[in-house]
Amino acid sequence: MTDDRSRGRASTDEPAATRGTARVRRIGAQDSTTRLAILDATAQIMLEQGHAAATSRRVAALAGVKPALVHYYFPTMDDLFLAVFRRGAEANLERQRQAVFSEQPLHALWQLSREPYGTRLQQEFMALANQRPAIRTEIAAYIERFRDIQVTALTFIARANGLDLTELPPVVISLLIASVSGVIATENAVGVTLGHADLVAFVEQYLDRFEASASERTATTIEAADS
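Computed from a predicted model, the values in this text were never measured in an experiment.

(A) Representation of the overall build of the protein chain in the model. Across its full length, the protein chain carries ten helices and zero strands. Secondary structure of the protein chain in N-to-C order comes out as α-α-α-α-α-α-α-α-α-α. Across the protein chain, every contact between residues at least 6 apart in sequence was considered, and the portion connecting residues at least 24 apart equals 70%.

What follows is the structure in structure tokens.
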């Protein structure tokens, strides 16, 4: 990342954006075509080459803009990385909301956790967090928010369908989903797939049984009400 440092605009050990709260200094229109292209290019480089390859020059080249424009919209690389992460996080929270209100919320949440693009990008951000405190703070806040919403939703779903919360507590389900999908994504990244199909089949079989039980309870309740 020498090109960034030589401009005096890139990341330092403690850039201004990381002091106190992790906030992005918004410059330029949020819906600017140029800004969105820069965000897309950064995410693509992180996915294809890793976070270390996401320098301002490479981002600018892929986005088809001059490096100065990258620094105009994002004065520091922390500002850029935070913007990329927050955009993905908000989109994921919306997908989580849709999953929770779907016909099979447990299956939908499981499929969401296994979405390869988001999982790989999150792993890059986790690695980046070791070097950048602002990213670490942001990731921690997002994970806690995502898990809190998920646990609340799972608790409501279980109670609404008369399921036994002691058999498998919602917080355990949430952690299992995250852990299993994380292991699969990590091993896939290095070409390891042994046992993955069996694990996925096992999880989905359990979810089938869990949600089938809930559906049967709902049907019984409706029949009783109609009789």
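Having put the structure on the table, let's press on.
(B) How the structure looks around the pattern of salt bridges. According to the stated counting rule, one finds six salt bridges in the structure shown. Salt-bridge contacts for Arg132 lead to Asp78; the nearest nitrogen and oxygen are separated by 2.4 Å. Here Arg132 is found in the loop between α7 (116–129) and α8 (133–160), whereas its partner Asp78 is found in helix α5 (residues 77–100), with 54 residues between them in sequence. Just as Arg132 is buried, Asp78 falls in that class too. Between Glu138 and Arg86 there is a salt bridge whose closest N-O contact spans 2.7 Å. Of the two residues, Glu138 sits in helix α8 while Arg86 sits in helix α5, which places them 52 residues apart along the sequence. On the basis of relative accessible area, Glu138 is assigned to the buried category, the value being 17%.

(C) Just the packing of α8 against helix α9 (residues 170–189), in detail. Contact pair α8 / α9: the axes reach a minimum separation of 8 Å and the direction vectors enclose 125 degrees. Considered as vectors, α8 and α9 are oriented oblique to each other. Crossing angle aside, the handedness with which α8 passes α9 is right-handed. Residues Arg147, Gln150, Val151, Leu154 and Thr155 of α8 pack against Pro170, Val171, Ile173, Ser174, Leu175 and Ala178 of α9. Within the contact of α8 with α9, the residues separate by chemical class into seven nonpolar, three polar and one charged.

(D) Geometry of a nonpolar patch on the surface. A contiguous nonpolar patch, built from Val171, Val172, Leu175 and Leu176 and spanning about 290 Å² of accessible area, is present on the exposed surface. Examined against the element boundaries, Leu176 turns out to sit in helix α9. A residue is classified by how much of its surface remains accessible, and Leu176, at 45% relative accessible area, is partly exposed.

(E) Highlighting the environment of Arg58. Residue placement: Arg58 occurs in helix α3 (residues 56–63). The partly exposed category is assigned to Arg58, whose relative accessible area is 44%. In the structure, Arg58 is positioned 16 residues away from Thr42 in sequence and 8.5 Å away in space, judged by C-alpha atoms. Setting aside anything within four residues of it in sequence, one finds Arg58 in contact with Ile45, Ala52 and Ala53. A distance of 3.3 Å separates a polar atom in the side chain of Arg58 from the backbone oxygen of Ala53.

(F) Region of interest: α7. If you check α7, its first and last C-alpha atoms are 20 Å apart, about what 14 residues at 1.5 Å a residue would give, namely 20 Å. Among the residues making up α7, those that are buried are Thr119, Leu121, Phe125, Leu128 and Ala129. In this fold, the buried residues of α7 make contact with α2 (33–49), α5, α6 (105–113), α8 and α9.

(G) Geometry of α6. The element α6 is largely enclosed, with a buried count of seven among its nine residues. Every buried residue of α6 is listed here: Pro105, Leu106, His107, Leu109, Trp110, Leu112 and Ser113.

(H) Up close: the packing of aromatic side chains. Across all of its chains, the model carries four aromatic pairs by this definition. Their ring planes at 80 degrees and their centres at 5.0 Å tell us that Tyr72 and Tyr73 sit as a pair that is edge-to-face. A residue is classified by how much of its surface remains accessible, and Tyr72, at 44% relative accessible area, is partly exposed. On the numbers, 5.1 Å between centres and 75 degrees between planes, the contact of Phe85 with Phe125 is edge-to-face. Highlighted residues: Phe85 in helix α5 and Phe125 in helix α7, separated in sequence by 40 residues.

Scoring rules and cut-offs
Residues numbered from 1 in each chain as written. Predicted model: local features only at pLDDT ≥ 70, side-chain atom pairs only at ≥ 80, totals over all residues. Heavy atoms only, no water. Helix = DSSP H or I, 4+ residues; strand = E, 2+ residues; numbered from the N terminus. Contact = heavy atoms within 4.5 Å. Salt bridge = Lys/Arg side-chain N within 4 Å of Asp/Glu carboxyl O. Buried < 20%, exposed > 50% of the residue type's maximum accessible area, 1.4 Å probe, protein only. Axes fitted to C-alpha atoms, helices over the stretch in contact; angles between N-to-C directions. Parallel < 35°, antiparallel > 145°, perpendicular 65-115°, else oblique. Left-handed = near helix turned anticlockwise from the far one by under 90°. Nonpolar A, V, L, I, M, F, W, Y, C, P; charged D, E, K, R; others polar. Patch = residues over 30% accessible without salt bridge, like charges linked within 9 Å, V, L, I, M, F, W, Y side chains within 5 Å. Areas by Shrake-Rupley, 256 points an atom, 1.4 Å probe, with all protein chains shown as cover. Polar contact = N/O pair within 3.5 Å; in protein donor to acceptor, adjacent residues only side chain to side chain. Expected span 1.5 Å × (residues − 1). Phe/Tyr/Trp six-rings, centres within 6.5 Å; stacked < 30°, edge-to-face > 60°.

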